[in-house]
Amino acid sequence: TMSSLPKGLFRLFPRNCAFASRISPKNRIRPIGKSTFLSKYQVRYNSSIQQPQVVPSSTFHSLKSFSEDSVVLQWEKDSAESEQKINHIWLRDHCKCSSCIDTQTGQKLVRIAELAKEKSALMITKASLSEDKLKITWGNGHQSTFNLKWLYMMTTAEARQEMVQQTNMLTWDKSSMGKLPSVNYEDIVDVNTNKTRDEGLFEWLDQLSLHGICIVNNVPTDATNKVNEFVQRISYIQNSIYGPDWEVKVDPGHVNVAYTNIELGIHMDLCYYESPPGFQFLHCLKQAESGGDNFAVDLFKIAEDMREKHPRQFNALKNTRISFHNGSLNTNHVYYRRPIFELNEETSELQSIFFSPYWEAPFNIDQEKANDFYEAFILWNNMITDEKYVVEFKLKDGQVLSFNNRRVGHGRRAFDATSPRHLQGTYVSTDEFANKFRMLRKNLGKKESRLRNLGNGSHEFCVEPLESA
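Structure report, in brief. (Residues numbered from 1 in each chain as written. Predicted model: local features only at pLDDT ≥ 70, side-chain atom pairs only at ≥ 80, totals over all residues. Heavy atoms only, no water.)

A short note on the pattern of salt bridges
Opposite charge on two side chains permits them to pair, given that their charged atoms come into close proximity.
Moving on, step 1. This model, assessed by the stated rule, comprises 15 salt bridges.
Moving on, step 2. In this structure, the salt-bridge partner of Glu-199 is Lys-446, at a minimum N-O distance of 3.0 Å. A residue pair is termed long-range when its members are at least 10 positions apart, and Glu-199 in helix 7 (residues 198–211) and Lys-446 in the segment after helix 12 (430–444) qualify at 247 residues.
Moving on, step 3. Across the salt bridge formed by Arg-407 and Asp-298, the nearest N and O atoms sit 2.8 Å from each other. Of the two residues, Arg-407 is situated in the loop between strand 23 (400–404) and strand 24 (408–412) and Asp-298 in strand 16 (residues 294–298); the sequence distance between them amounts to 109 residues.
Moving on, step 4. Arg-407 gets classed as buried once you look at its relative accessible area, which sits at 1%.
Moving on, step 5. Look at Asp-298 and you get buried, because its relative accessible area is 1%.
Moving on, step 6. Taken together, the shared-partner salt bridges in this structure form one network comprising Lys-226, Glu-229 and Arg-233. (Salt bridge = Lys/Arg side-chain N within 4 Å of Asp/Glu carboxyl O. Helix = DSSP H or I, 4+ residues; strand = E, 2+ residues; numbered from the N terminus. Buried < 20%, exposed > 50% of the residue type's maximum accessible area, 1.4 Å probe, protein only.)

Things to note about the packing of helix 9 (residues 299–309) against helix 11 (residues 370–384)
Moving on, step 1. Packing of helix 9 against helix 11 brings their axes to within 10 Å, and their N-to-C directions diverge by 130°. Relative to helix 11, the element helix 9 lies oblique. In terms of crossing hand, the pair formed by helix 9 and helix 11 is right-handed. Packed against helix 9, whose contacting residues are Leu-299, Ile-302, Ala-303, Asp-305 and Met-306, the element helix 11 presents Ala-376, Leu-379, Trp-380, Met-383 and Ile-384 at the interface.
Moving on, step 2. Of the residues contributing to the contact of helix 9 with helix 11, the split by class is 9 nonpolar, no polar and 1 charged. (Axes fitted to C-alpha atoms, helices over the stretch in contact; angles between N-to-C directions. Parallel < 35°, antiparallel > 145°, perpendicular 65-115°, else oblique. Left-handed = near helix turned anticlockwise from the far one by under 90°. Contact = heavy atoms within 4.5 Å. Nonpolar A, V, L, I, M, F, W, Y, C, P; charged D, E, K, R; others polar.)

Structural notes on the sheet that holds strand 7 (residues 80–87)
Moving on, step 1. Taken in spatial order, the 3 strands line up as 5-6-7 in an open sheet, and their pairing is antiparallel. With one partner strand each, in any of the chains shown, strand 5 (62–67) and strand 7 form the two edges of the open sheet. Ignoring which end each strand starts from, the neighbouring axes of this sheet average 25° apart. (Pairing = 2+ DSSP bridges.)

Set out below in structure tokens:
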């Protein structure tokens with residue numbers, strides 16, 4: 001933790017910045033004993049994404065008491081003592097000693113259900129603090145050591161709230177986004193050795209995590225399946241009924257209207273899958289001379305505006321499951337049923353959006369609720385096409401459009417059917433993206449960057465892993 005904040009840290013942020021209303025020079029860090037505290041938040045500034053970062057800063061600083069079935073730790077908040085009672089079974093289940101955890105893989109070696117067969121194994125007989133550690137002796141003689149900051153993050157409601165807040169994304173509309181964020185291929189790939197540049201790769205993933213969309217410039221167009229090779233620098237790609245990658249160009253025998261020249265309205269891909277791709281990548285090999293312009297919207301921004309201004313309609317889209325399918329040319333029959341808005345049940349945070357009008361299937365609905373649903377559905381469609389939300393641009397040859405398929409809706413304008421317009425596409429799962437982000441963050445020491453809401457809820461309590469012992 002930091003003992004002071006550098007001058008100039010507090011600066012004006014966009015009004016739509018999630019933390020703008022919470023950051024002020026009053027939130028100074030002040031030392032108390034061996035721990036460092038904030039009146040509310042600790043703030044760091046990441047110039048690469050122009051967004052303040054918030055990390056939990058309070059930690060336990062005294063042991064109030066312990067018994068056979070709990071320990072009570074204290075910390076100071078706003079000049080007042082707060083305390084947290086921690087369950088003995090939870091503590092024993094989270095012991096990270098080499099007898100309980102494989103130190104090479106991090107896998108558990110001991111099952112709590114087996115330990116529970118011996119009462120003394122779960123009984124606390126001694127507890128003490130030593131610097132930033134809690135040390136516990138159990139009734140069977142086993143000893144456990146826990147990092148106090150780790151305990152704070154894992155057990156307190158305040159830490160859970162801070163972790164959710166620090167992973168809020170920066171939502172955008174046309175006016176706040178302006179020009180789409182971009183990175184350069186040569187910053188990600190050494191063009192002489194073809195080796196990945198981790199710093200550049202992380203900057204790309206960081207932009208995607210924060211904004212949900214990013215363009216990569218100067219990607220070579222002289223090789224087949226270049227998008228496949230390029231994207232595998234993140235992870236293995238996510239296969240689908242279209243194969244590992246696919247060609248977006250006019251095809252008279254098309255199995256998808258994307259392979260025509262007609263306009264494609266705002267949509268998301270593969271909503272008929274149980275786990276739709278987390279991220280999509282479209283490599284422009286040849287753009288149409290006339291037409292074919294691209295457009296994108298931050299559906300999370302629009303959904304939150306709907307929740308604020310039209311809560312009844314928002315709830316209708318949250319509570320009504322509709323169907324998506326793909327039965328193209330009788331070669332596939334993929335089907336899934338889900339609501340358009342998916343929320344985290346515990347926090348009510350918007351978690352994922354699924355919107356794909358081209359692949360909607362007949363769905364069963366309580367006819368008494370049909371009017372409410374369609375009122376909300378029509379309002380949603382009108383909102384996502386409102387020009388104040390839509391960012392329009394035209395991909396150039398050699399650019400890769402990358403975006404979060406659980407958050408950003410995309411589309412394109414019509415173009416001449418004789419045009420040689422040609423894009424290649426592929427997908428990466430949310431899990432693989434998050435895995436690469438976390439490992440680069442750790443290896444590069446990018447502690448100021450946080451994995452944002454990616455659309456599957458995994459970001460919420462997954463902070464940079466701290467050693468519990």
